[in-house]
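# Architecture and fold: a report
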Amino acid sequence: MPVSENGLSAELLEELAALAAEKVGEGGLRLMGEGGLLPELAQHLMQAALEAEMDQHLTHESMRAGGRGSRSGGNTRNGYRAKKVMTEVGAVTVQVPRDRLGTFSPRLLPKYARRTGALDEMVLSLTAKGLTSGEIVAHLAEVYGMTTTKETVSTITDKALESMAEWRTRPLDPVYPVVFIDAIHVRIRDGHVANRPIYVAIAVTVDGYREILGLWAGEGAKYWQTVLTEIRNRGVKDVLMLVCDGLTALPDAVNVIWPQTVVQTCVVHLIRGSLRYASRRDWADVARDLKPVYTAVNEAAARERLTEFAEKWGKKYPSIAGTWERAWNEFVPFLGLPDAIRQVVYTTNAIESLNARYRRAAQACGHFPNETAALKRLYLATLALDPTGHGRQRWSNRWKSALNEFDLLFDGRLTAGRV
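Residues numbered from 1 in each chain as written. Predicted model: local features only at pLDDT ≥ 70, side-chain atom pairs only at ≥ 80, totals over all residues. Heavy atoms only, no water.

### Things to note about the overall build of the protein chain
Of regular secondary structure, the protein chain possesses 18 helices and seven strands. Within the protein chain, the proportion of its 419 residues that are buried is 45%. Summarising the internal contacts of the protein chain: among those between residues at least 6 apart in sequence, 64% fall at separations of at least 24. Only carbon and sulfur atoms are counted for the fraction: they give 52% of the accessible area of the protein chain, which is about 21900 Å². (Helix = DSSP H or I, 4+ residues; strand = E, 2+ residues; numbered from the N terminus. Buried < 20%, exposed > 50% of the residue type's maximum accessible area, 1.4 Å probe, protein only. Contact = heavy atoms within 4.5 Å. Areas by Shrake-Rupley, 256 points an atom, 1.4 Å probe, with all protein chains shown as cover.)

### Brief notes about unusual backbone geometry
If you check the backbone angles, D411 has positive phi at about 55° while not being a glycine. Exposure remark for D411: the relative accessible area of 71% places this residue in the exposed category.

### Describing the packing of aromatic side chains
Evaluated as defined, the whole model comprises ten aromatic pairs. Here W399 and F406 contribute two aromatic rings whose centre-to-centre distance is 6.1 Å and whose plane-to-plane angle is 40°, an arrangement assigned as tilted. With relative accessibility at 0%, the residue W399 sits in the buried group. Looking at F406, the relative accessible area reads 0%, which means it is buried. Ring centres of F406 and F410 lie 6.1 Å apart, and the angle between their planes is 25°; this geometry places the pair in the stacked category. Members of the aromatic cluster, joined through ring pairs, are W324, W328, F331 and F334. Positioned above the aromatic ring of W328, the side-chain terminus of R303 is 4.4 Å from the ring centre. (Phe/Tyr/Trp six-rings, centres within 6.5 Å; stacked < 30°, edge-to-face > 60°. Lys NZ or Arg CZ within 6 Å of the ring centre and 35° of its normal.)

### Some words on the side chain of E53
Examined against the element boundaries, E53 turns out to sit in helix α2 (residues 37-65). Of the residues examined, E53 reaches a relative accessible area of 10% and is grouped as buried. Once you skip the residues sitting within four places of it in the chain, E53 turns out to touch F104, P106, R107 and L108.

### Here's the deal with the nonpolar core
Core analysis: the largest hydrophobic core is formed by 72 residues, its most contacted members being I198, L215, V286, W324, F331, Y358 and F406. With sequence-adjacent residues up to four places away left out, L215 is seen in contact with W167, R168, I198, Y199, V200, Y358, L375, L378, Y379 and T382. Counting residues in each nonpolar core, the second largest holds 26 residues, with L172, W216, I231 and V254 among its members. (Core = buried A, V, L, I, M, F, W, Y, C linked by side-chain atoms within 4.5 Å.)

### Here we look at the confidence of the model for the protein chain
Do not read the fine detail of predicted coordinates wherever pLDDT is low. The pLDDT averaged across the protein chain works out to 80; a share of 82% of its residues lies at or above 70. Within the protein chain, no element has a lower average pLDDT than helix α1 (residues 10-26), which sits at 69, and none a higher one than helix α11 (residues 299-313), at 92. A low-confidence stretch, residues 68-72 (pLDDT under 50), is modelled with 13 contacts involving residues beyond four sequence positions or located in other chains. (pLDDT = per-residue confidence, 0-100.)

### Digging into the pattern of salt bridges
Side chains that differ in charge, positive against negative, can pair when their charged atoms come close. Inspection of the entire model under this criterion finds twelve salt bridges. Put simply, D285 and R288 hold a salt bridge, and the shortest N to O gap is 2.8 Å. Placement of the pair is D285 and R288 together in helix α10 (residues 283-294), with a separation of three residues, close to one helical turn. Between E308 and R305 there is a salt bridge, and its shortest N-O distance comes to 2.9 Å. Note that E308 and R305 are positioned in helix α11 at a spacing of three residues, about one turn of the helix. With a relative accessible area of 24%, R305 lands in the partly exposed category. Counted as one network, the salt bridges with shared partners bring together D285, R288, D289 and K312. (Salt bridge = Lys/Arg side-chain N within 4 Å of Asp/Glu carboxyl O.)

### A look at the environment of S105
By secondary structure assignment, the location of S105 is in the loop between β2 (90-99) and α3 (117-128). Its relative accessible area of 43% is what places S105 among the partly exposed residues.

### Observations regarding a nonpolar patch on the surface
On the surface, a nonpolar cluster with roughly 250 Å² of combined accessible area is contributed by L38, L41 and L45. Counting through the fold element by element, L45 comes out in helix α2. In this structure L45 comes out as exposed when scored by relative accessible area, which is 63%. (Patch = residues over 30% accessible without salt bridge, like charges linked within 9 Å, V, L, I, M, F, W, Y side chains within 5 Å.)

### Brief notes about the side chain of T205
Relative to the elements of secondary structure, T205 occurs in the loop between β4 (192-204) and β5 (210-217). When sequence neighbours within four positions are dropped, the list of residues in contact with T205 reads D173, Y176, P177, E211 and W399.

### Points about the pairing of β4
Of the strand pairs in this sheet, strand β3 (residues 175-190) and β4 are connected by 13 bridges, and their pairing is antiparallel. Its bridge partner lying in β4, I184 is registered against I198. Between β3 and β4, which pair antiparallel one after the other, the connecting turn spans one residue, and G191 there sits at a positive phi close to 85°. As paired strands, β4 and β5 are joined by seven bridges and run antiparallel to one another. Looking at β5, one finds that I202 is bridged to I212. (Pairing = 2+ DSSP bridges.)

### Overview of helix α5 (residues 150-157)
Of all the residues in α5, the buried ones are V153, I156 and T157. Down the axis of α5, the sector holding all buried residues measures 95°, keeping them to one side. (Arc of directions from axis to C-beta.)

Here's what the structure looks like:
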C-alpha cells in the first residue's frame with residue numbers, strides 16, 4: 001500500500017479526510033488550538049513515541065543488567081506523570097512514562113522541557129518579523145489557544161544569543177571591494193532612556209553580493225580600532241574602500257588596521273545632512289542643485305559647482321555649503337572613481353532596505369533594557385532577511401564591469417587578496 005513521506009498510508013489519509021468531512025458537516029473543522037484536530041493527533045503521536053522510547057530504554061537496560069526486573073539490577077516501568085507541552089499546533093497533555101530506577105530521559109521531551117523545538121523556532125521567526133513579546137503572546141493565545149507569558153518568549157529568544165555570538169565571530173572573506181559602516185539609532189534604558197547607536201558593517205563581496213559582517217554597540221577611537229581588529233582577525237586581509245558617515249575616529253583606526261584602504265564619506269548621508277538645514281518645500285531644488293557637485297568629473301569641477309550652489313543658496317541656507325566643506329577631504333576620493341565604481345559606492349538601496357527592516361524591528365519594541373537586547377533583536381531581523389544570517393542580495397546587475405575597474409584602480413589587490 002502506498003505511503004506518504006511521513007509513512008501515512010493512503011487508507012489512513014482517507015480516514016482522516018472522512019473525519020474532516022464529518023466535522024465540517026457537524027458545524028466546522030477546527031485544526032489548531034483547544035479542541036482542534038491537529039493537537040489531538042499530536043498528542044496521540046507524541047504519546048506513542050514516548051512509549052516506544054521507554055520500550056527501547058528498558059530493552060537496552062535489561063541487556064546490560066541481566067534481565068528486566070531481575071535482582072541483578074534490571075529496570076521496570078513505574079507509572080506515568082502528566083506533562084503539558086506547548087507545541088506548534090497548540091497545547092497538549094501527554095503521560096510521560098517513568099521507570100523504577102529513574103534513568104529514563106526521553107529524547108522527544110527532555111526533562112524540564114515544556115515546549116517543542118518547532119515552537120521555539122516559530123517564536124524566533126515571529127520576533128524576527130518584528131512582533132513584540134506581547135504581540136507574540138496574544139498571537140499564540142488567539143491562534144493556538146496557548147497561555148504563555150512575555151518572560152517565556154524572552155527566554156526562548158535568549159537562545160539566539162549563542163548563535164549570535166557564533167555569527168559575530170564567523171570567518172570572513174580575505175578581501176572586500178567595499179565595506180559600509182552605518183548606524184541605526186535605538187532607544188536603550190540605561191538609568192534613563194536615550195538614543196544609542198548600533199553600528200552595522202555591510203560589505204560588497206567579490207562576487208557582487210551584500211554581506212552583513214556584524215553588529216556592534218559603542219563608539220570612540222579605541223572602540224573603532226577594536227571593531228576593525230576583530231574584523232581583521234576573522235580573516236579580512238584587505239578592504240579597498242570603506243564608506244562611512246562622518247565618524248571622526250574611524251579613519252584613523254582604518255589607517256592602523258588597513259593602511260592602504262581609502263576612506264570615503266557616504267555621499268547619500270552628505271545629501272541628507274544638507275537637507276536637514278533646508279525647508280521641506282525646497283528639498284527637491286536643493287537636491288537638484290547639489291547633484292552637479294557629486295557628479296563632477298574631477299575635484300576642480302566639483303569646487304566650481306559647490307561655489308555656484310553657495311552663491312544661489314548661501315544666504316538662505318549658509319550651513320549646507322559648510323557641511324560639504326567640512327567633509328571635503330573624505331568626499332574627494334569619490335570624484336576620482338570610474339562611473340562603474342561610483343555606482344557601487346553611491347547606490348544605497350541594499351543598505352536602505354536593511355535599515356528599514358532594522359528600524360521596524362527596533363520601533364516595535366519602543367525601547368530596550370540594554371544593548372544586548374537591542375543587538376539580539378537586530379540579529380533576529382538579519383536572520384529574517386536570509387537564513388544564513390548574511391542578508392545576501394545582489395548589489396548590482398552590472399557588477400562585472402565594477403569588478404574589473406576595482407582590480408585596475410587598486411593595482412590588483414582584489415585578485416591578490418583572493419589567492
